[in-house]
Structure formats: C-alpha cells, structure tokens
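Summary of the model geometry
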Amino acid sequence: MTPPLPRNRNYRVLWSGMFLSELAGEVAYIAFPLLVLAHGGSAAAVAGVAAVLAGARTLVSLPAGALADRADRKRVMAATQGVRTVAMLSVAVSVLLGDCPLWQILLVAVVEGAAAGVFVPAENAALPQVVPEDVLPRALARNAARPFAALLIGPALAGFTFGLHEVLPFALNTSVLAVSFVALAALHLPHRAAGPPAGSPVGGGAVTAAAPRPGGFGPLLRMRTVRATMAWIVGVNLAFHTLVVLVLVVSGEEDVAPGQMGLMMTCFGAGGLVGALIADRLHAAALSPGALVIGSTWVFAAVAVAMAYAPRGVPLGILLGVAATAMPVANTTVLTCQLAAVPDGLRGRLSGLVALGSELAATAGPVTAGVLSACTGDGSVRMLGAAGLLAVVAVGSTLSPALRRLALPRPSGAPQPARS
C-alpha cells in the first residue's frame, strides 16, 4: 500500500530532485549572462547564451519523452543530473583558474539545457509510479509550488553569490546538482504498469497499445483529451508570456524604478505559491475540472484587462500575482487529467509533448509582444492585445466539449458514474 504523501519517501525524493534541478536552472539562467558581461561580452553574446539554453531544451523535448517511455526513468534522471554536475564543475574550475572562454560557456549551456530537458519528462512520467491516481491532484499541486519557489530563490542566489565571487554561483550549482544526483540514486521506482490491451479506448476515443512503438506520438494525438488540453496549454502560455514581456517593456518605457520591477516579479512568484497551496483544496472540494480550467482562463483574461488600466509599478505587480495564483490551479487540473487519460507507456511522450508546446509558446510570446509593440506605442493598448489573446483562448475553452468534460481520478472506493 502506498503511504500518504507526507510519509511517501519516494515522492519526497522525486520532489526534492526536481526542485534542486529547477533551482539550478534558475541560477544558471542568471549566472551565465553575468559571467559573459563581467568578461566584456556583448549583448549579442548574452542573448546567444540565453537562446542556447532555451533552444537545447526545446530540441530535446520529443526525443526525451520517447526516452522516458523506453528507458529506466530513475537511471535517466540520475544520469542527466550527473552530466549537469560535471558540466557545471568545469565552468567553476575554469572561472577559478581565471579563464572561461565564451565557447566553453556556450557548450556548457547546450549540455545544461539539453540535460534539463531530458530530466523533466522522466520525472513527470515517474510521478504516477510513486503516488496512486487518487492522490495525483494533491501531488501535482505540491509540485506546482516548485518552479515558483525556484523563481523566488534562484535569481537572488545567483546575483548575491556572483557579487561575492564569480565562481560561487557555479560552485553552488555543482553542489545542488550533486545532491540531486545522490538523492535520485536512492530513489525506488515500482515496476511500471502495462498499458491497456491493444485496441482499447483511452482518454476519449483514442486507441492505444500496451507497448507503443518507439518514438510514436500518434496514439497521444488521437486522444481528444490530449488534443484539447495541448491546445489550451499552447494558447495560455503564448498569451501569458506575451503579457509578462509587455508588462516589463511598458514598465521600463514609463520609467518604473528597477526596485519596483523586481517587486512586481516577486508578486508573480508569490502568487504562484499561493495558487499551488489552494489548488489541492479546490480539487478536494470536488469542483468540476472543466470549470476550474475554463474559469481560470477567464480570470486570466479579466486580470489582463485590469492590468492595461492599472497604475504601473506595484499595483500592476499585484494583479500579475493574482493571475499567477490561478495558473497552478488550472495547470495541476490539466496535468492530472492528462496523466489519468494516458497509459504509463505513453506518459514520457506526453511530458515531452507538453514541454515542446510550452517551450514554443514561451518563445513565441516575446515575439508576439514585439509585434504588438511595433503596432502601437500605447502601453495600455498593447496589454489589451494580450488580454484579447487570453479572451480568445477562454472562448475556445468554453466551447470545447473535451475541456468541459475533463475528469479527475476518483478516490479508491468512490462510486462509479452510471453508464447509459
């Protein structure tokens, strides 16, 4: 029998390993540009490092998902953390010796981005192996707090330690990843469940096999639940990233103090943490999953409209925090429904597909913000454009039968719905 989450050792190890991975990623995202600039690097070099980090993650998303379904997930996670540890150690040693050339930074950025991209699908697909389905919503709600906590801690740690000595953020990253590697080496993953018999319907009409062909994403894309939720993920991420970039651009143009801009992003992280805390309570209240997802999307759109007319600075940050509060509620609901609809043999591919959609949307968001900025110099009009994108997603979600009928796993012993 699987123990409750607080006493579930394997879940705690998995949660800690992923948190340390995300924390290391946030530190690296800030430390690499700081290192480049400190040694006379250009803005183009800084942009190149950031692009390499993001691009490597995006390129490995689908292959990493297939790998998570074909290989031992524990070994994949431990191996990637080991590779990242060695890569970061090489930077720390080079900085300590006084010579870390740009080519080495770019090479390590490729390794860091790709290894982190391989780690995520394996971790996500392993979660249902250590917690029962009826506990998945609670586990995912706790997981949703990780990236926001890493966002609050990581950049501050990177800036503070770099100010003390250039080598410290990379030494910190090496230590964090090494601890994650050791923890994951002690993880015990139960045997993976076989998928449903070939030809059986899964997730709203999809036909899957117990052993899907290597690299195949066709069975996933034939599931109505997966198609609908993937469209929602891409649409919301595109619009939300557009909005966040516009908030920063407009704030800079209107001379908002850097301290206030930092506080705005702190509000964003704090809102996400609050949302992760209440997500489990909303799931426990037996609210309709479709209502949670669709309602959250309308909240995003309404808050975006309010942001267009809000005073710049802290009030804008508070509204951004309100939107961030709704994000974990919707995300955990969507991810739980996806995992419940997909057999174990396809969960790695599912995570890779979600990662790819999220990364592409995150890349397209700043581009969309740039297009809106080129069309008008009025900051309020630009943010209304982002609100319009969110409204389109909200309308589409409301009209989608698959999203309206989303279902969470039922607790053990719960009565099954009557079949007509």
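What counts as what
- Sequence order as written defines residue numbering, which begins from 1 separately in each chain.
- In view of the model being predicted, local features appear only for residues whose pLDDT reaches at least 70, and side-chain atom pairs are presented and counted only at 80 or more, with totals across whole chains, interfaces and linings using the full set of residues.
- Side-chain numbers come from the whole structure's heavy atoms, not from hydrogens or water.
- Only DSSP runs of H or I with at least four residues qualify as helices, and only runs of E with at least two residues qualify as strands; both kinds are numbered from the N terminus onward.
- To sort residues, take the accessible area from a 1.4 Å probe on protein chains only and compare it with the maximum for the residue type: under 20% means buried, over 50% means exposed, and anything in between is partly exposed.
- Whether two residues are in contact is decided by their heavy atoms: any pair within 4.5 Å suffices.
- The method behind every accessible area is Shrake-Rupley, applied with a 1.4 Å probe, and residues are considered shielded solely by the protein chains displayed.
- Among buried residues, the Ala, Val, Leu, Ile, Met, Phe, Trp, Tyr and Cys ones that are joined through side-chain atoms within 4.5 Å form a nonpolar core.
- Side-chain atoms alone can form a polar contact between residues adjacent in sequence; in general such a contact is a pair of N or O atoms within 3.5 Å, and within protein one must be able to donate a hydrogen while the other accepts it.
- Predictor confidence is given residue by residue as pLDDT, running from a minimum of 0 to a maximum of 100.
- Just to be clear on terms, a salt bridge is a Lys or Arg side-chain nitrogen sitting within 4 Å of an Asp or Glu carboxyl oxygen.
- Here a helix's expected span is defined as the number of its residues, less one, multiplied by 1.5 Å.
- Here a patch means residues that are over 30% exposed by relative accessible area and free of salt bridges, tied together within 9 Å if like-charged and within 5 Å if nonpolar (Val, Leu, Ile, Met, Phe, Trp, Tyr).
- Each Phe, Tyr or Trp ring (for Trp, its six-membered ring) is paired with any other whose centre lies within 6.5 Å, and the angle between the two planes then decides the class: stacked below 30 degrees, edge-to-face above 60, tilted in between.
- Here an axis means a line fitted to C-alpha atoms, over the contact stretch when the element is a helix, while the angle between two N-to-C directions is reported on a 0 to 180 degree scale.
- In these notes the angle categories are as follows: under 35 degrees is roughly parallel, over 145 is roughly antiparallel, 65 to 115 is roughly perpendicular, and the rest is oblique.
- Each crossing gets its handedness from the near helix: less than a right angle anticlockwise from the far helix is left-handed, clockwise is right-handed.
- Classification convention: Asp, Glu, Lys, Arg as charged; Ala, Val, Leu, Ile, Met, Phe, Trp, Tyr, Cys, Pro as nonpolar; all other residues, Gly among them, as polar.

Broken down by element type, the protein carries 14 helices and 2 strands. Put simply, the protein has 420 residues, and 50% of those count as buried. Counting contacts in the protein only where the partners sit at least 6 residues apart, residues at least 24 apart contribute 83% of the total. Summed over its atoms, the accessible surface of the protein is roughly 17,800 Å², and 69% of this surface lies on carbon and sulfur atoms.

With that settled, the discussion passes to the nonpolar core. Across soluble globular proteins, nonpolar side chains have a tendency to be buried as a group. Met77, Leu127, Leu220 and Trp232 are the most contacted members of the largest nonpolar core, which has 78 residues in total. Ranked by the residues each element gives to this core, the list is headed by helix 8 (residues 224-253), at 13 residues. Within the second largest apolar cluster, 29 residues are counted, among which are Val49, Ala87, Met88 and Ala109.

Locating Asn8 in the fold gives a position in the segment before helix 1 (9-38). In this structure Asn8 comes out as buried when scored by relative accessible area, which is 3%. A distance of 2.7 Å separates the side chain of Asn8 from the backbone oxygen of Val130, its partner in a polar contact.

Here we take up the confidence of the model for the protein. Here the protein averages 82 in pLDDT, while 88% of its residues score no lower than 70. Looking across the protein, the model is least confident in strand 2 (residues 206-208), with a mean pLDDT of 38, and most confident in helix 3 (residues 73-97), with 93. Ignoring residues within four places in sequence, the model shows residues 194-215, a span with pLDDT below 50, making 45 contacts including any to other chains. Per-residue pLDDT stays below 50 along residues 411-420; that stretch engages in 5 contacts with residues further than four places along the chain or on separate chains.

Its location among the elements puts Thr333 in helix 11 (residues 314-341). On the basis of relative accessibility, which here comes to 0%, the residue Thr333 falls in the buried class. Expressed as a C-alpha distance, the spacing of Thr333 and Leu406, which sit 73 residues apart in the sequence, is 8.8 Å.

Let's shift gears to the pattern of salt bridges. Charged atoms that come close allow side chains of opposite charge to pair. According to the stated counting rule, one finds 8 salt bridges in the structure shown. The partner of Glu359 in a salt bridge is Arg57, with the nearest N and O atoms 3.2 Å apart. A residue pair is termed long-range when its members are at least 10 positions apart, and Glu359 in helix 12 (residues 344-375) and Arg57 in helix 2 (residues 43-70) qualify at 302 residues. Residue Glu359 is classed as buried on the basis of its relative accessible area, which comes to 18%. What emerges from the salt-bridge pattern is a single network uniting Asp69, Arg73, Asp344 and Arg349.

Examined against the element boundaries, Tyr309 turns out to sit in helix 10 (residues 289-309). When its relative accessible area of 59% is taken as the criterion, Tyr309 is described as exposed.

What follows is about helix 11. The periodicity of an α-helix, 3.6 residues per turn, causes residues three or four places apart in sequence to face the same way. The first and last C-alpha atoms of helix 11 sit 41 Å apart over 28 residues, in line with the 40 Å expected at 1.5 Å per residue. Within helix 11, 20 of the 28 residues are buried, leaving the element largely enclosed by the surrounding structure.

Now for a nonpolar patch on the surface. Taken together, the side chains of Leu89, Val93 and Leu97 make up a nonpolar region of the molecular surface, amounting to roughly 300 Å² of accessible area. As for its position among the elements, Leu89 is in helix 3. Assessed through its relative accessible area of 43%, Leu89 is described here as partly exposed.

Going through the model one piece at a time under the given rule, you end up with 4 aromatic pairs. Measuring from centroid to centroid gives 5.5 Å for Trp15 and Phe19, while their planes differ by 20°, and the two rings are stacked. Residue Trp15 and its partner Phe19 are located together in helix 1, separated by 4 residues, close to a single helical turn. Classification of Trp15 as partly exposed rests on a relative accessible area of 26%. Look at Phe19 and you get buried, because its relative accessible area is 15%. With centroids separated by 6.1 Å and ring planes inclined at 35°, the aromatic side chains of Phe240 and Phe268 adopt a geometry described as tilted. Taken as a pair, Phe240 in helix 8 and Phe268 in helix 9 (residues 258-284) lie far apart in primary sequence, 28 residues in all. Grouped by ring-pair contacts, the aromatic residues Phe240, Phe268 and Phe300 constitute a single cluster.

Its place among the elements puts Ser94 in helix 3. On the accessibility criterion, Ser94 (12% relative accessible area) is buried. For the pair Ser94 and Gln104, spaced 10 residues apart in sequence, the C-alpha separation works out to 9.1 Å. Setting aside residues no more than four positions away along its own chain, Ser94 makes contact with Asp99, Cys100 and Gln104.

With that settled, the discussion passes to the packing of helix 5 (residues 136-164) against helix 11. Where helix 5 contacts helix 11, the two axes come as close as 9 Å, and the packing angle between them is 130°. The orientation of helix 5 relative to helix 11 falls into the category oblique. Crossing of helix 5 against helix 11: the hand is right-handed. Touching Leu136, Pro137, Leu140, Ala141, Ala144 and Phe148 of helix 5 are Pro328, Thr332, Leu335, Thr336 and Leu339, all from helix 11. By residue class, the composition of the contact of helix 5 with helix 11 is 9 nonpolar, 2 polar and no charged.

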